[in-house]
Amino acid sequence: MFSATSGWTEWMYHSIDTGDTRPIRAQPYRTAPQLKTAIKREIKDMLQMGVICPSERAWASPVLLVPKPDGKIHFCADYRKLNAVTRPENYPVPCTDELLEKLGCAQFISTLDLTKGYWQVPLDDPAKERSTFITHVGLYEFNVLPFGLRNAPTTFQRMVDNLLAGFGEFTVAYFDNVSIFSDSWAEHLQAVFQCIREAGLTVKAKKCQIGLNRLTYFGHQVGQGTIKPLQAKVNASQNWPVPKSKKQV
């Protein structure tokens, strides 16, 4: 279950409903030479992992390379035109206040982070066609749920909720983060682990926290009957300079 490689579940497939819209085809964006090297590297890695495959479809979205805070590059397709013609799906996203209340009362909390969460959900064939992206080295389509698609968050949250159905008394999930809370640190862990394994999902070990009394969750310290903001955030507010003009206010 613990693996740096994303799993593959058959509990949920993502669909893209564009109605009768004709295929949208764009040309690749102009890219600096050093970024072209990064695109080729990302494509090679995703092909090896089975995340994408070569495509000959009619749809095509251009690619964007977004810099991360750590200096790395985030590869993503620009699906704005596709999203504009995709019919929205409505599905509730958990309220963070309610999640904090549940975790705050717990004596022990464990959190699990699904490895490259979206990539563990496959696309159906029409969605694969619409996920096609174009680069200076050709066309490729996603086999799994990519970032940037409309309705991707709702599909993923629905999948996780279906996965943990029946475990609501001791688990909460916010997209790819699953939290288990109980009065003894090992209680319920085995049941959740078994469910994740049976679903074909994997968990990133270095992002997991197991059997803690308190932990940081959505900018708060929770556990053992307490919910309080992080001290660093409190200090930032307390130390903020007093405004001396309307513009500063």
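Predicted, not measured: the structure shown is a model, and the values here were computed from it.

1. Let's talk about the pairing of strand 12 (residues 226-229)
Where strand 11 (residues 220-223) lies against strand 12, 4 bridges are found, and the strand directions are antiparallel. Paired with Gly223 across the strands is Thr226, a residue of strand 12.

2. Things to note about the sheet that holds strand 1 (residues 52-54)
Across the sheet, 3 strands lie side by side as 1-6-5; this open sheet has antiparallel pairing. Pairing within the sheet leaves two strands with one partner each, and these edge strands are strand 1 and strand 5 (133-135). On average, adjacent strands in this sheet sit at an angle of 35° to one another, irrespective of strand direction. As judged from the 3 bridges shared by strand 5 and strand 6 (residues 138-142), these two strands associate in the antiparallel manner. For Ile134, the partnering residue across the bridge sits in strand 6 and is Leu139. Running at roughly 105° to strand 1, helix 1 (residues 33-49) makes contact with strand 1, strand 5 and strand 6 of the sheet.

3. Some thoughts on the pattern of salt bridges
According to the stated counting rule, one finds 6 salt bridges in the structure shown. A salt bridge links Arg130 to Glu129; the shortest N-O distance between them is 4.0 Å. Judged by its relative accessible area of 15%, Arg130 is buried. Take Glu129: its relative accessible area is 22%, and that puts it in the partly exposed class.

Each value, and the rule that gives it
- Residues numbered from 1 in each chain as written.
- Predicted model: local features only at pLDDT ≥ 70, side-chain atom pairs only at ≥ 80, totals over all residues.
- Heavy atoms only, no water.
- Pairing = 2+ DSSP bridges.
- Helix = DSSP H or I, 4+ residues; strand = E, 2+ residues; numbered from the N terminus.
- Axes fitted to C-alpha atoms, helices over the stretch in contact; angles between N-to-C directions.
- Contact = heavy atoms within 4.5 Å.
- Salt bridge = Lys/Arg side-chain N within 4 Å of Asp/Glu carboxyl O.
- Buried < 20%, exposed > 50% of the residue type's maximum accessible area, 1.4 Å probe, protein only.

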